[in-house]
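Summary of the model geometry
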Amino acid sequence: MKQGKTGIRLTNGQVGFLLVVPGLAIFAGIILYPFISAIIMSFTDRTMLSPEYQYIGLQNYRKVFADPYFMKTVRTTVVFVIFSTLLPFTLGFIWAILLNQGFKGSEFLRGVTLVNWIIPGTAIGFLWSWIFNGQYGVLNGLLMKLGVLEAGIPWLGQTGTALACVVIARTWQMLPWYMAFLLGGLQGVSLEQVEAARVDGANNWQVFWYMVLPSMKTIAFLVLILGTIGNLQHFDLPWTVVQGGPARATTTLSIEVYTTAFKNWNMGKAATIGTIWAVLLALFSFVYLRQVNEAE
C-alpha cells in the first residue's frame, strides 16, 4: 500500500498498472491502432486515388483468394521461408559445432562471422545484386575465368534462378544469427557426458545424434520458429536484390503488400493481403510463445 502527499492510497496492483500505462499507450498508438485500422480497411474499396471509399464486406478477400497471382505469391513465400530458414540453420549449426571445438583462432573467426549480421539488409541486397549481375557480376566473371561458363548468365533475370539467388543472399545474411544462438546452446552440453560416451565407444555421429541433438532440441526449435517468423515478414533484402521479379518469381507476401499499396494504390486489397499475412505470422508466434512457456 502506498500513500502520496495528497493522502491518496494506492495498492501495489494500482501502482504496477500506472507503471505500464506509458508502454501500453505506445503499443496502442504504434501497433494496435494501425493494425485494427488495416483490418477495417480490408473491408473497403479504398484507394490512394480518391478520398472516398465504401464498405464492401468480404469482396476483397474473395478476390484475393480467387487471384492466381496471390496463390503464386503464397507458394513463393513458402519456398523462400523454408529454404532461407533451413539452409542458414544447417550451415550455422555446422559452423557452430566447428567453433565450439575451441581451436586456436576460433574466437577470431566467431567475431568475423558476426560482421555480416550487423550489415543493413539493404546494403547486403546491393552487394549480392552486384555479385549476381548478368553483365558485370563477380560470379559470372569468376566462372568464365575458370572456364565453367563461356558467356554470362543473367542469374537475376531468369525465373528459375532469381529466387535461389535471393535465398543465398538471405542465407549469407542470417547464418551468423543462427550460429550465435546454436553456439550458445552447444556450450551448455555437458562435456563430461560427451567424454564418457566416447570412452564407451561412441563415434562422432552417435554423440551428436543421441547426446548433442536432444540437449539442443528446445533451443533449435525456438531458433527455427524465430527464423520462420523473421523470413515471413522479411522485405528489404529481396526487394533490393530483384524487386519481386522477374515475372513475380521472387514476390513474397511482404513485397505483394508493398506493391499493391504503393504502386497499384489499392489500399483495400493491400490491407486484405496484410491481414492474411498477419494471421500467418500470429500462428507461428503462438507456437513460439507456447514453446517458450513450456521451456520455462
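The shown structure was predicted, so the numbers you read here are calculated from the model rather than taken from an experiment.

The positions that UniProt labels "transmembrane region" (unreviewed entry) are, in the present scheme, residues 15–43, 78–99, 111–132, 152–172, 207–229 and 270–289. Counting secondary structure, residues 15–43 comes out at 93% helix and 0% strand; the distance between its end C-alpha atoms is 40 Å. Secondary structure content for residues 270–289 is 100% helix and 0% strand, and the end C-alpha separation is 28 Å.

Right, let's get into the side chain of S84. Within the secondary structure, S84 sits in helix α3 (residues 68–99). Take S84: its relative accessible area is 1%, and that puts it in the buried class. Within the structure, S84 has its side chain in polar contact with the backbone oxygen of F80 (distance 2.3 Å). Excluding anything up to four places from it in sequence, S84 contacts V167, R170, Y178 and N231.

Annotation from UniProt places "domain: ABC transmembrane type-1" (unreviewed entry) at residues 74–288. With 73% helix and 0% strand, residues 74–288 has its two end C-alpha atoms placed 22 Å apart.

All right, on to helix α6 (residues 121–131) then. At 3.6 residues per turn, the α-helix brings residues three or four places apart onto the same side. Inspection of α6 places G121, I124, G125, W128, S129 and I131 among the buried residues, and these make up the whole buried set. Across the axial projection of α6, the buried residues extend over an arc of 155°, all falling on one side. Of the surrounding elements, those touching the buried residues of α6 are α5 (115–118), α7 (138–145), α8 (162–186) and α12 (236–242).

Under the definition given, this model contains 16 aromatic pairs. Their ring planes at 85° and their centres at 6.1 Å tell us that F89 and Y178 sit as a pair that is edge-to-face. Placement of the pair is F89 in helix α3 and Y178 in helix α8, with a sequence separation of 89 residues. On the accessibility criterion, F89 (11% relative accessible area) is buried. In this structure Y178 comes out as buried when scored by relative accessible area, which is 1%.

A few words on the pattern of salt bridges. Tallied over the full model, the rule gives 2 salt bridges. The partner of K269 in a salt bridge is D67, with the nearest N and O atoms 3.5 Å apart. In this pair, K269 is assigned in helix α14 (residues 267–295) and D67 in the loop between α2 (59–66) and α3, connecting sequence segments 202 residues apart. When its relative accessible area of 23% is taken as the criterion, K269 is described as partly exposed. Take D67: its relative accessible area is 15%, and that puts it in the buried class.

With that out of the way, let us pick up the packing of α3 against α8. Orientation of α3 relative to α8, taken along the N-to-C sense of each, is 45°, at an axis distance of 6 Å. As the angle between them shows, α3 and α8 are arranged oblique. When the axes of α3 and α8 are compared, the crossing they make is right-handed. For the contact of α3 with α8, the residue count by class is 22 nonpolar, 5 polar and 1 charged.

Scoring rules and cut-offs
- Residues numbered from 1 in each chain as written.
- Predicted model: local features only at pLDDT ≥ 70, side-chain atom pairs only at ≥ 80, totals over all residues.
- Heavy atoms only, no water.
- UniProt positions renumbered as here; feature names shortened; annotations may be inferred.
- Helix = DSSP H or I, 4+ residues; strand = E, 2+ residues; numbered from the N terminus.
- Buried < 20%, exposed > 50% of the residue type's maximum accessible area, 1.4 Å probe, protein only.
- Polar contact = N/O pair within 3.5 Å; in protein donor to acceptor, adjacent residues only side chain to side chain.
- Contact = heavy atoms within 4.5 Å.
- Arc of directions from axis to C-beta.
- Phe/Tyr/Trp six-rings, centres within 6.5 Å; stacked < 30°, edge-to-face > 60°.
- Salt bridge = Lys/Arg side-chain N within 4 Å of Asp/Glu carboxyl O.
- Axes fitted to C-alpha atoms, helices over the stretch in contact; angles between N-to-C directions.
- Parallel < 35°, antiparallel > 145°, perpendicular 65-115°, else oblique.
- Left-handed = near helix turned anticlockwise from the far one by under 90°.
- Nonpolar A, V, L, I, M, F, W, Y, C, P; charged D, E, K, R; others polar.

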